[in-house]
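Each chain, written out:
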Amino acid sequence: MPQAFVHLRVHTEYSLSEGMVRVKPLVEAVRARQMPAVAITDIANIFALVKLQNAATAAGVKPIVACDVLVAPADPGEPPTPLVLLARNLDGYKNLSLLLSRAYVEGRDHGRALVTREWVAEYAGGLIALSGARQGDVGRALLAGNVELARRLATGWMEIFHDAYYLELQRTGRPFEEDYLHAAVELAHQIDCPVVATNEVCFLTPEEFEAHEVRVCIHDSRALDDPRRERRHSEQQYLKSAEEMCALFEDIPEAIENTLEIARRCNVEVNLGSYFLPEYPIPEGYTREAYLEKLAREGLDKRLLKILDPAAPDYAEERKRYDERLAFELKVINDMGFPGYFLIVMEFIDWAKDNGVPVGPGRGSGAGSLVAYALRITNIDPLEYDLLFERFLNPERVSLPDFDIDFCMDGRD
């Protein structure tokens, strides 16, 4: 029976200077090595999620939704520390998304998106955490010889994640790894915390190490042969086979077994290909469809006061053309489930016009919509110019409507 192992920490090109792995070649390599699953843990983002899910599902490999977050230190003078978060279920994926969003909105620091320990505790539901190895807060405390601090930090994380916190072990040939590993294993025995092995993969093969270092140097504005530059990576951080990883940790077999256990616990399939629009608030007593129809008819009445002459002999006939076209468009919009989209676009364009932010009249195929014209989204009468609504929205070709709208740079934000 072949040995089994799952890579739970992989940095792709979406980690910029910290990785150069591409998603499809990664999945192909994982399948070739007969590994059942793989996790991508890019730094403070899950940008590779869609590519990973599509490629891995097609290859029969389980995709694990995960990332490295940077935890802000308690002491402002200290650097942030990594914590690896993996989603066990859909709740975990949602919590990870919320945590990352908050990091970018509230936790920006010198270009980095940081989280706080309190935020992690708030969004810990459905997540598994790995300690970040020697670079994590527990690892740094252990290497500093402060075992009591390391114990407090680790037990604190265990309380936050309950049965889902693991001390992470690595053997990539980087300085002080063995010192950390032995101290971490001792601590794990003392506090009854499971351990897990990772290789913090940054490239697929050993031959790619130099190219990866060039990328790091470009990011750090350092020369490749500069003897003073920091060497954060080693040539061992490639996608090792299960046999290589098992041999590397033959003295700590549970660290290998726990990679499989974690992979079994992580089961997330993100719903792709469905549209999720914000809920537009409507007055009591209306549905979205009925409210859109009300506003469209009222808006058309206002437009027609300027377009048609009620005293003209052909007024009734001309009015009928507009009413029939509006009814047709409203049926298509409502049948395709897009009334909320029109209401949302109408609202932010109205807000811009009412608050002195110059906004364009709406370009492209959206100009063919009489409903858009009635709602002040566009400013062109589509019937006057024989513009086709079907070019904008067509039940035969289901896709989201797309208004091309220009806002002046002054007030755009």
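Note: the structure precedes this text.
Just so you know, these numbers come straight off a predicted model, no measurement behind them.

Draft legend 1. Layout of the overall build of the protein. Tallying secondary structure elements over the protein gives 14 helices and eight strands in all. Based on the C-alpha atoms only, the size of the protein along its principal axes is roughly 95 × 50 × 50 Å. Taking all 413 residues of the protein together, 50% fall into the buried category. Nonlocal contacts in the protein, meaning residues at least 24 apart in sequence, comprise 74% of its contacts between residues at least 6 apart. Computing the positive centroid from 45 side-chain charges and the negative centroid from 67, the protein places the two 2 Å apart.

Draft legend 2. Here's a closer look at the packing of helix H1 (residues 23–32) against helix H2 (residues 49–59). At a minimum axis distance of 9 Å, the contact between H1 and H2 shows a crossing angle of 30°. The orientation of H1 with respect to H2, classified from their angle, is roughly parallel. In the crossing of H1 with H2, the sense of the turn from one axis to the other is right-handed. Of H2, the residues touching H1 (which contributes Val23, Lys24, Val27 and Arg31) are Lys51, Leu52, Ala55, Ala56 and Ala59. Per-class residue counts for the contact of H1 with H2 are six nonpolar, no polar and three charged.

Draft legend 3. Just the pairing of strand E6 (residues 127–130), in detail. Neither face of E6 is left uncovered, since the one carrying Leu127 and Ala129 and the one carrying Ile128 and Leu130 both have all their residues buried. In this structure, strand E3 (residues 81–87) lies alongside E6, joined through four bridges in antiparallel fashion. In the sheet register, Ala87 faces E6, and the bridge partner there is Leu127.

Draft legend 4. Quick look at the pairing of strand E7 (residues 165–169). The buried fraction of E7 amounts to five of the five residues, a majority that puts the element mostly inside the structure. Across two bridges, E6 lies against E7 in parallel orientation. By the bridge assignment, Leu130 is partnered in E7 with Tyr166. As paired strands, E7 and strand E8 (residues 195–197) are joined by three bridges and run parallel to one another. Directly across from Leu169, in E8, lies its bridge partner Ala197.

Draft legend 5. Layout of helix H7 (residues 177–191). The end-to-end C-alpha distance of H7, which contains 15 residues, comes to 21 Å, matching closely the 21 Å that a straight helix rising 1.5 Å per residue would cover. Every buried residue of H7 is accounted for by Glu177, Tyr180, Leu181, Ala184, Val185, Leu187, Ala188 and Ile191. Projected down its long axis, H7 carries its buried residues within an arc of 165°, all on one side. Tucked inside the fold, the buried residues of H7 contact helix H5 (137–143), helix H6 (147–161), E7 and E8. Of the residues one or two after H7, Asp192 is the one with positive phi, at around 60°.

Draft legend 6. Region of the structure containing helix H12 (residues 315–335). For H12, spanning 21 residues, the distance from its first C-alpha to its last is 30 Å, which sits close to the expected 30 Å at 1.5 Å a residue. Inspection of H12 places Arg319, Tyr322, Arg325, Leu326, Glu329, Leu330, Val332, Ile333 and Asn334 among the buried residues, and these make up the whole buried set. Buried residues belonging to H12 abut helix H11 (288–307), helix H13 (339–354) and helix H14 (370–374). Looking one or two places after H12, you find Gly337, whose phi comes out positive at around 80°.

Draft legend 7. Focus on the environment of Lys240. Examined against the element boundaries, Lys240 turns out to sit in the loop between helix H8 (209–220) and helix H9 (242–248). Residue classification places Lys240 among the buried residues on the basis of a relative accessible area of 4%. Contact partners of Lys240, with chain neighbours within four places excluded, come to His7, Arg33, Met35, Arg171, Asn199, Met245 and Leu248. Among the polar contacts made by the side chain of Lys240, one reaches the side chain of Gln236 at a distance of 3.0 Å.

Draft legend 8. A look at the side chain of Arg174. Structurally, Arg174 can be placed in the loop between E7 and H7. One polar contact links Arg174 to Gln170, side chain to side chain, over a distance of 2.8 Å. Discounting residues that sit within four places of it in the chain, Arg174 has contacts with Arg134, Glu200, Arg232, His233, Ser234 and Gln237.

Draft legend 9. Broad picture of the side chain of Asp42. Here Asp42 is to be found in the loop between strand E1 (37–40) and H2. Since its relative accessible area comes to 1%, Asp42 is described here as buried. A polar contact is formed between the side chain of Asp42 and the side chain of Ser15, at a distance of 2.6 Å. Those residues in contact with Asp42, other than ones at most four positions away along the chain, are Val10, His11, Thr12, Tyr14, Ser15, Ala48, Ala66, Cys67 and Asp68.

Draft legend 10. Looking closely at the pattern of salt bridges. Scanning all chains against the criterion turns up 26 salt bridges. The partner of Asp68 in a salt bridge is Arg9, with the nearest N and O atoms 2.7 Å apart. With Asp68 in strand E2 (residues 62–71) and Arg9 in the segment before H1, the pair connects residues that are 59 residues apart, well separated along the chain. As far as burial versus exposure is concerned, Asp68 and Arg9 are alike and both buried. In this structure, Glu318 and Arg321 form a salt bridge, with 2.7 Å as the shortest nitrogen-oxygen distance. In this pair, Glu318 and Arg321 are both assigned in helix H12, three residues apart and thus about one turn of the helix distant.

Rules used in this analysis
Residues numbered from 1 in each chain as written. Predicted model: local features only at pLDDT ≥ 70, side-chain atom pairs only at ≥ 80, totals over all residues. Heavy atoms only, no water. Helix = DSSP H or I, 4+ residues; strand = E, 2+ residues; numbered from the N terminus. Buried < 20%, exposed > 50% of the residue type's maximum accessible area, 1.4 Å probe, protein only. Contact = heavy atoms within 4.5 Å. Lys, Arg positive; Asp, Glu negative; His and termini not counted. Charge placed at Lys NZ, Arg CZ, Asp CG, Glu CD. Axes fitted to C-alpha atoms, helices over the stretch in contact; angles between N-to-C directions. Parallel < 35°, antiparallel > 145°, perpendicular 65-115°, else oblique. Left-handed = near helix turned anticlockwise from the far one by under 90°. Nonpolar A, V, L, I, M, F, W, Y, C, P; charged D, E, K, R; others polar. Pairing = 2+ DSSP bridges. Expected span 1.5 Å × (residues − 1). Arc of directions from axis to C-beta. Polar contact = N/O pair within 3.5 Å; in protein donor to acceptor, adjacent residues only side chain to side chain. Salt bridge = Lys/Arg side-chain N within 4 Å of Asp/Glu carboxyl O.

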